[in-house]
Amino acid sequence: KLGYLTAAIALGGAMASTSAMAEPKLGVGFHGLIGGSTLAGAEGRYWMDDQVGAAVNVAYGNVEVDADGSSAVETDLMSVGLKGLYALQNNANSRMYAALELGYFEVDDDGLIYGGTGGGTLDGFSVMPAFGTEFNLSGLPELGFKWEVGYRYMSAESDPDGADNNADIDLQGINVTL
């Protein structure tokens, strides 16, 4: 069982070339996720060539959780995600791409989500297909900015007191990442 986790998205900065992005590139930057709730974290991104890349992100934030009709509770969420990237168009200082992110997350229960008295965690997985673009400054190609928009599906189940329960987490739905 992973300890901290799921999803999210980032600044694909730290690019090191003024060419049309022909050689492998590594970027590390801020990962901000906006979708009902807001998460902040970091993302590492690696483009193996002009077309194919991968990214890993880690995020933390406060989300609203509603479990099987109980009132919504604000709690902490930690996530990690792995994203495949495919460039649809490359220009000298920009790239448009399609992405598919798979993630794992944990939500602190603290006994609040299901009205119980014990603490613990609620965990699950997420899937997010997305489209995005990244831009590198022409005078400073090592600095880049990125945004993505996609639809995040999150699944979380727990069985407190032996009963199956589903949770609705506020990040499910349309997400924008910076």
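About the thresholds
Residues numbered from 1 in each chain as written. Predicted model: local features only at pLDDT ≥ 70, side-chain atom pairs only at ≥ 80, totals over all residues. Heavy atoms only, no water. Helix = DSSP H or I, 4+ residues; strand = E, 2+ residues; numbered from the N terminus. Buried < 20%, exposed > 50% of the residue type's maximum accessible area, 1.4 Å probe, protein only. Contact = heavy atoms within 4.5 Å. Areas by Shrake-Rupley, 256 points an atom, 1.4 Å probe, with all protein chains shown as cover. Phe/Tyr/Trp six-rings, centres within 6.5 Å; stacked < 30°, edge-to-face > 60°. Lys NZ or Arg CZ within 6 Å of the ring centre and 35° of its normal. Salt bridge = Lys/Arg side-chain N within 4 Å of Asp/Glu carboxyl O. pLDDT = per-residue confidence, 0-100. Core = buried A, V, L, I, M, F, W, Y, C linked by side-chain atoms within 4.5 Å. Pairing = 2+ DSSP bridges.

**Student:** Outline the overall build of the protein, supporting the account with residue identities and numerical values.
**Tutor:** Secondary structure summary: the protein contains 0 helices and 9 strands in total. Ordering the α and β elements of the protein from the N terminus gives β-β-β-β-β-β-β-β-β. A burial count over the protein gives 44% of its 178 residues as buried. Across the protein, every contact between residues at least 6 apart in sequence was considered, and the portion connecting residues at least 24 apart equals 59%. Split by element, the accessible area of the protein, about 8300 Å² in all, is 61% carbon and sulfur.

**Student:** For the environment of Asn175, give the residues involved together with the corresponding values.
**Tutor:** The topology assignment puts Asn175 in strand E9 (residues 173–177). Considering only alpha carbons, one finds Asn175 and Val149, 26 residues apart in sequence, at a separation of 5.7 Å. The residues touching Asn175, leaving out its near neighbours within four places in the chain, are Leu33, Ile34, Gly35, Met128, Glu148, Val149, Gly150 and Arg152.

**Student:** Go over the packing of aromatic side chains, please, and point to the residues and values.
**Tutor:** Note on aromatic pairs: each is described by the distance of the centres and the angle between the planes. In the structure shown here, the tally under the stated rule is 2 aromatic pairs. An angle of 65 degrees between the planes, with centres 6.0 Å apart, marks the rings of Trp47 and Tyr97 as edge-to-face. Of the two residues, Trp47 is situated in strand E2 (residues 37–47) and Tyr97 in strand E5 (residues 94–108); the sequence distance between them amounts to 50 residues. Note on accessibility: Trp47 and Tyr97 belong to one class, buried. Positioned above the aromatic ring of Trp47, the side-chain terminus of Arg95 is 3.9 Å from the ring centre.

**Student:** How would you sum up the pattern of salt bridges? Please name residues and give values.
**Tutor:** Any two side chains of opposite charge can pair if their charged atoms end up close together. A complete count under the given rule lists 9 salt bridges for this structure. Among the ionic pairs, Glu148 bridges to Arg45, the shortest N-O distance being 3.4 Å. Here Glu148 is found in strand E7 (residues 144–158), whereas its partner Arg45 is found in strand E2, with 103 residues between them in sequence. Here Glu148 matches Arg45 in class, with each residue buried. In this structure, the salt-bridge partner of Glu101 is Arg152, at a minimum N-O distance of 3.5 Å.

**Student:** An account of the confidence of the model for the protein is needed here, citing residue identities and associated values.
**Tutor:** Looking at the protein as a whole, the pLDDT averages 75, with 67% of positions reaching at least 70. Averaged pLDDT values over the elements of the protein bottom out at 64 in strand E8 (residues 165–169) and peak at 92 in E5.

**Student:** Tell me what's going on with the nonpolar core, and back it up with residues and numbers.
**Tutor:** Among the nonpolar cores identified, the biggest contains 12 residues, and these are Leu33, Leu39, Ala59, Val63, Val65, Leu77, Phe105, Val107, Leu122, Met154, Ala156 and Ile169. For this core, the secondary structure elements donating two or more residues are strand E3 (52–67), E5 and E7. In terms of residue count, E3 provides more of this core than any other element does, 3 residues in total. Among the nonpolar cores identified, the runner-up in size contains 8 residues, and Trp47, Ala87, Tyr97 and Ala99 belong to it.

**Student:** Could you give an account of the pairing of E5, with specific residues and numbers?
**Tutor:** The sheet contact formed by strand E4 (residues 73–90) and E5 spans 13 bridges and is antiparallel. Residue pairing for E5: Ser79 is matched across the bridge by Phe105. Two successive antiparallel strands, E4 and E5, enclose a turn made up of 3 residues.

**Student:** I'd like a description of the environment of Phe131, backed by residues and values.
**Tutor:** The topology assignment puts Phe131 in strand E6 (residues 121–136). In sequence terms Phe131 and Leu85 are 46 residues apart; their C-alpha atoms lie 9.3 Å from each other.

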